[in-house]
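Examining the three-dimensional arrangement
Chain by chain, the residues run as shown.
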Amino acid sequence: MAPMIDVVFLLLIFFMCTLRIISQEGDFNINMPAVAQAQTETPKLLPDFKVRLLADVASGQLIEVRFGQRSLGTGPRAFQLLQQTIKEQIAGSPYADEVEIEIDADFYLNYEHVISAVSACTGEISPSSDGGKPKISRFVEKIKFAPPRQSQRAAVGG
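To keep things clear, this report deals only with the structure shown in the data block. Everything numeric in this text was worked out from a predicted model, so none of it was measured. (Residues numbered from 1 in each chain as written. Predicted model: local features only at pLDDT ≥ 70, side-chain atom pairs only at ≥ 80, totals over all residues. Heavy atoms only, no water.)

1. Observations regarding the packing of helix α2 (residues 76-90) against helix α3 (residues 111-122)
Relative to each other, α2 and α3 sit at 30°, their axes nearing to 8 Å. Relative to α3, α2 is oriented roughly parallel. Between α2 and α3 lies a crossing whose hand is right-handed. Residues F79, L82, Q83 and I86 of α2 lie in contact with α3, whose contacting residues are H113, S116, A117, S119, A120 and C121. In terms of residue class, the contact of α2 with α3 is made up of six nonpolar, four polar and no charged. (Axes fitted to C-alpha atoms, helices over the stretch in contact; angles between N-to-C directions. Helix = DSSP H or I, 4+ residues; strand = E, 2+ residues; numbered from the N terminus. Parallel < 35°, antiparallel > 145°, perpendicular 65-115°, else oblique. Left-handed = near helix turned anticlockwise from the far one by under 90°. Contact = heavy atoms within 4.5 Å. Nonpolar A, V, L, I, M, F, W, Y, C, P; charged D, E, K, R; others polar.)

2. Side note on the environment of Q80
With respect to the element layout, Q80 can be found in helix α2. Here the alpha-carbon distance between Q80 and E124, two residues 44 residues apart in the chain, equals 9.8 Å.

3. Considerations on the pattern of salt bridges
The tally for this structure, following the rule as stated, stands at six salt bridges. For the salt bridge of K50 with D104, the shortest nitrogen-to-oxygen distance reads 3.8 Å. Of the two residues, K50 sits in strand β1 (residues 49-55) while D104 sits in strand β4 (residues 100-105), which places them 54 residues apart along the sequence. Residue D104 is classed as buried on the basis of its relative accessible area, which comes to 2%. One network of salt bridges, with partners in common, ties together K50, R52, D104 and D106. (Salt bridge = Lys/Arg side-chain N within 4 Å of Asp/Glu carboxyl O. Buried < 20%, exposed > 50% of the residue type's maximum accessible area, 1.4 Å probe, protein only.)

4. Some details on α2
Helix length check: α2, at 15 residues, gives a terminal C-alpha distance of 22 Å against a target of 21 Å (1.5 Å per residue), a fit within 8%. Among all positions in α2, only A78, F79, L82, T85, I86 and I90 are buried. End-on view of α2: buried residues confined to an arc of 120°, all on one side of the axis. Relative to its buried face, α2 has exposed residues pointing more than 90 degrees away, namely P76 and E88. Close packing links the buried residues of α2 with β1, β2 (62-67), β3 (70-73), β4 and α3. (Expected span 1.5 Å × (residues − 1). Arc of directions from axis to C-beta.)

Here it is, written out as structure tokens:
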């Protein structure tokens, strides 16, 4: 065993003595061009949309659905109007995939109404004319939620 250790140490010393440390090839000192001013952001061709869901503080039921400043009413008919309005706003636009909808729901609103709003904003399912699979039309892919806040009616006192 001792002669084998001696041979390993001799090989180690041999390789250490014959090692040549050379500098890296090439000049890596690169002068980068100065950063140009960032170009102004291109204007959005379709605005971002805001859906506001107002709730009754006591029961959590939906009082009103608003699309921007426009009131769409309440109940299932309001979500159908919301769906139709979004469809009209982005119909045929090549920039529809860039549209973002913000849903701003009152803190006390029942969650089922938020889901209805998300469903109305994302698209529609229409029956197929030939009786096959239903046709799925997507309107918006990007949906964000505003931070929850208490209803204005709760702040006023009911």
